[in-house]
Amino acid sequence: MQTDRYISPLSTRYASAEMQYLFSQDFKFRTWRRLWIALARAEKTLGLAITDEQIAAVYASFGVERGSVTELRVTNADERKYLEGYVDESLIGTHSISCVYIEVLDEGEGLEVSTSNVNWCSSEMYVSALATAGVSDARIIVAAPYEVSGTAALTGVYLAYEDITGEALDETAKLVGTQELSLTAKLAEQLGGYDSVEIVNELKLLLGETRNMTDAQLREEIRAVAKEFGVTLTDTQVEQLAGLCRSLEKLDPDQLKEKVESVQDALGKLGQAKEAVSGFFEGVKQVWNSVVNFFKGLFRA
């Protein structure tokens, strides 16, 4: 399929080659490509420990050549605008290291997120939180030159997505998306990443009902939802989820439900991939145990 020009009976007859290229797939996706490198060059100028090799490694993980795409920068102050009050100071830090590559896709293609050197936020957490914030139909890579929490990445995605589309995301939705990301990451430390995301997304679908509940009724509903996933929550976890629900209730419940449903395929694929990896390592563990037991038997004999 030819992608360097727009193909139609009218365009081939009446449009110049230059005009056909302007409406081609190649030109569209090259125009949409944006890259955000969070303070990498600025921090190097300040004498911080980021080398040219590390910057090059980040670009390599994105699969793009430096200079071929637009660079946008987010400061630690920008990051704090969305993270303070939701994320521990130790995770926010004083510098923004996470880097984001974002490519807007055609409508209906959904969200696709992958990570590299991110040790606190997972791909499914980003997908869910970004959907809450209003980000849709994009391929996103979150990477860093060394292991980081990944908290700065959400701010970068907001900036880049708005720059690409030319449309501002709702500020309340961005704040709630950040609150969701930080909470699912905290819960994941006790529950597992996929379970925490699933519980939050199930609660999103019930917002039409929960907004009419008392706080006590909401807590009971949260416990019931968690039980469906085989999870028992502590009182602290219930309170945290209740606070998130009250924040989510500020958003349009029908639109939020639509967003949740739009990312179910992406979340399902991420969950299946993790199960496959987990199953592989469990198989390796069983084989190793069998070998060890075999040799133990020989020595006993």
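These notes cover the structure that comes with them.

Conventions used here
- Residues numbered from 1 in each chain as written.
- Predicted model: local features only at pLDDT ≥ 70, side-chain atom pairs only at ≥ 80, totals over all residues.
- Heavy atoms only, no water.
- Buried < 20%, exposed > 50% of the residue type's maximum accessible area, 1.4 Å probe, protein only.
- Helix = DSSP H or I, 4+ residues; strand = E, 2+ residues; numbered from the N terminus.
- Pairing = 2+ DSSP bridges.
- Right-handed = clockwise from strand over helix to strand, strands pointing away.
- Phe/Tyr/Trp six-rings, centres within 6.5 Å; stacked < 30°, edge-to-face > 60°.
- Patch = residues over 30% accessible without salt bridge, like charges linked within 9 Å, V, L, I, M, F, W, Y side chains within 5 Å.
- Areas by Shrake-Rupley, 256 points an atom, 1.4 Å probe, with all protein chains shown as cover.
- Salt bridge = Lys/Arg side-chain N within 4 Å of Asp/Glu carboxyl O.

**Description of the pairing of strand β5 (residues 138–148)**
Counting buried positions over the 11 residues of β5 gives 8, a clear majority of the element. Bridge count for strand β3 (residues 99–104) against β5 is 6 bridges, and the pairing is antiparallel. Following the sheet pairing, Tyr-101 is matched in β5 by Ile-141. Direction of pairing for strand β4 (residues 111–118) relative to β5: parallel, over a ladder of 7 bridges. Its bridge partner lying in β5, Thr-115 is registered against Val-142. Handedness of the β-α-β unit built from β4, helix α8 (residues 123–133) and β5 comes out left-handed.

**Focus on the packing of aromatic side chains**
Applying the stated criterion to the full structure yields 1 aromatic pair. Here Phe-62 and Tyr-101 contribute two aromatic rings whose centre-to-centre distance is 5.8 Å and whose plane-to-plane angle is 35 degrees, an arrangement assigned as tilted. Here Tyr-101 lies in strand β3 and Phe-62 lies in helix α5 (residues 52–62), a separation of 39 residues in the sequence. Across this residue pair, the class does not change: Phe-62 and Tyr-101 are buried.

**Quick notes on α8**
Among the 11 residues of α8, 11 are classified as buried, and the element is accordingly described as predominantly covered. Within the span of α8, buried status applies to Ser-123, Glu-124, Met-125, Tyr-126, Val-127, Ser-128, Ala-129, Leu-130, Ala-131, Thr-132 and Ala-133. Positive phi appears at Gly-134, one or two residues downstream of α8, with a value of about 105 degrees.

**Focus: the environment of Leu-169**
Here Leu-169 is to be found in the loop between α9 (153–165) and α10 (171–191). Its relative accessible area of 11% is what places Leu-169 among the buried residues. In this structure, the C-alpha to C-alpha distance between Leu-169 and Ala-133, residues 36 residues apart in sequence, is 7.1 Å.

**Regarding a nonpolar patch on the surface**
Residues Tyr-6, Met-19, Leu-22 and Phe-23 make up a contiguous nonpolar surface patch of roughly 430 Å² in combined accessible area. Position of Leu-22 among the secondary structure elements: in helix α2 (residues 17–22).

**Some details on the pattern of salt bridges**
Considering all chains together, one arrives at 8 salt bridges under this definition. Between Glu-103 and Arg-139 there is a salt bridge; the shortest N-O distance is 3.4 Å. With a gap of 36 residues between them, Glu-103 in strand β3 and Arg-139 in strand β5 connect regions that are remote in the sequence. According to the relative accessible area criterion, Arg-139 is partly exposed, its value standing at 25%. In the salt-bridge network here, residues are joined through shared partners; they are Glu-162, Glu-171 and Lys-174.

**Re unusual backbone geometry**
One non-glycine residue, Asn-117, adopts positive backbone phi at about 65 degrees. Assignment of secondary structure puts Asn-117 in strand β4. The exposure class of Asn-117 is partly exposed, given its relative accessible area of 32%. Non-glycine residue Asp-137 carries a positive phi angle of around 50 degrees. Take Asp-137: it is sitting in the loop between α8 and β5.

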